[in-house]
Amino acid sequence: MRDGALRRIGVIGAGAWGTALARVMAMEGRDVKLWARDPNLAAEMRRLGENRRRLPGLTLGPNIAPTDDLAAVADFAEVLLLVTPAQALREIGTRLAPLLPADRPLVICAKGIERDTGRLTTEVLSEVLPGRPLAVLSGPTFASEVAASLPTAVTLACDDAVLGGSLVTALGSATFRPYLSDDPVGAAIGGALKNVIAIACGVLVGRDLGENGRAALITRGLAEIARLGRAKGAKPATLMGLSGLGDLTLTCTSQRSRNYAFGLRLGRDGKPETGQGPQGIAEGVFTAQAALALAETLGVEVPITAAVEAVLNGRADIDNVIAALLARPFREEAQ
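Reading guide: rules and limits
Residues numbered from 1 in each chain as written. Predicted model: local features only at pLDDT ≥ 70, side-chain atom pairs only at ≥ 80, totals over all residues. Heavy atoms only, no water. Salt bridge = Lys/Arg side-chain N within 4 Å of Asp/Glu carboxyl O. Helix = DSSP H or I, 4+ residues; strand = E, 2+ residues; numbered from the N terminus. Pairing = 2+ DSSP bridges. Axes fitted to C-alpha atoms, helices over the stretch in contact; angles between N-to-C directions. Contact = heavy atoms within 4.5 Å. Buried < 20%, exposed > 50% of the residue type's maximum accessible area, 1.4 Å probe, protein only. Right-handed = clockwise from strand over helix to strand, strands pointing away. Phe/Tyr/Trp six-rings, centres within 6.5 Å; stacked < 30°, edge-to-face > 60°. Lys NZ or Arg CZ within 6 Å of the ring centre and 35° of its normal. Polar contact = N/O pair within 3.5 Å; in protein donor to acceptor, adjacent residues only side chain to side chain.

Our next topic: the pattern of salt bridges. If you walk through the whole model with that rule in mind, you get 19 salt bridges. In this structure, D38 and R53 form a salt bridge, with 3.1 Å as the shortest nitrogen-oxygen distance. Of this pair, D38 sits in the loop between β2 (31–35) and α2 (39–48) while R53 sits in the loop between α2 and β3 (64–67), placing them 15 residues apart in sequence. A salt bridge links R315 to E309, with the nearest nitrogen and oxygen atoms 2.6 Å apart. Connected via shared salt-bridge partners are R90, E114, R119 and E127.

Put into structure tokens, the structure is as follows:
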């Protein structure tokens, strides 16, 4: 077992990512309670010893206790990993508020922007759980690879360097390597916007517009993320790191990415569909609208995000949107 003060881990959310994180923590000797919203799923995991719905074939191990009792997890855990979808974060935080002591560290593992308010995940938690110590865990991760102990590096962003160091020690392992950052806002922005750019990349490939186009879209998407990040106070170095460029690259180049796969189907079929796919929720479907509204409030130009939002909400045809992006005026690359 690795040294560290935080040995009892609560994981809120039993999707693929939450289950993978629970498995990583348990393999390092930590005791983990894994909360599932669905009581049937919690019972099924206890009976089968695996999450057959999301990570079939990978055992949970004896250190993981699946449960649907949120209070039991809150009472047990020395640190809570919040791995619910971003759009459910406010509700979960509100439910946790009366259950948690004021000094309980919370690690946000959700990626997105709240659709109804335009709030970042950090802002949502600060509203419903004021004064709690917060961190953001983000980076290029496929849950199945993390669960299988394949090498993974992520950003662990925390304003408090001492707490951040404790969390890195508690959550890290030989194959799951958190790199400490002091920029939770940058980590949250990068993790949210990359999903929108991944949908755009999927659409482009679905339309057979080539790898040159995808490379350009990733690069200009990163510029778009950086502009919005600067307006929110993010540090440029964060967006060039694992939670920015790293996550963007992975998400935009593999069909194992829910958002890229969603965009690919959209590009081939030519019409929007629900954000719920066989791999889970494509969070970028919800983030596009929220990110565009946030950018407009801040006076930031985000043409790729605007194009994705217009297609998803049925206000524009895919081919017309692509033509409009290609017809944009030439400009300096640094802009």
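All right, on to the sheet that holds strand β7 (residues 152–158) then. Spatial strand order, β3-β2-β1-β4-β5-β6-β7-β8: eight strands in an open sheet with mixed pairing. Each having just a single partner strand, β3 and β8 (176–181) make up the two edges of the open sheet. Taken pair by pair, the neighbouring strands of this sheet meet at an average axis angle of 25°, ignoring direction. Of the strands in this sheet, β1 (8–12), β2, β3, β4 (79–82), β6 (134–138) and β8 touch helix α1 (residues 16–27), which is tilted by about 170° from β2.

Another point: the pairing of β1. With respect to burial, β1 is a largely interior element, four of its five residues being buried. What joins β1 to β2 is α1, and the crossover it makes is right-handed. Summarising the sheet, β1 and β4 pair through four bridges and their orientation is parallel. Following the sheet pairing, G10 is matched in β4 by L80.

Geometrically, a pair of aromatic rings is defined through the distance of the ring centres and the angle of the planes. Enumeration according to the criterion identifies zero aromatic pairs in this entry. The ring of F76 carries R8 above its face, with NZ or CZ at 5.9 Å from the centroid. One cation-aromatic arrangement involves K33 over F76; the distance from NZ or CZ to the ring centre is 5.2 Å.

Bringing the side chain of R132 into the picture now. Within the fold, R132 resides in the loop between α5 (121–128) and β6. A distance of 3.2 Å separates a polar side-chain atom of R132 from the backbone oxygen of A97. Setting aside its immediate chain neighbours within four residues, R132 contacts A97, L100, P101, A102, R104 and L106.

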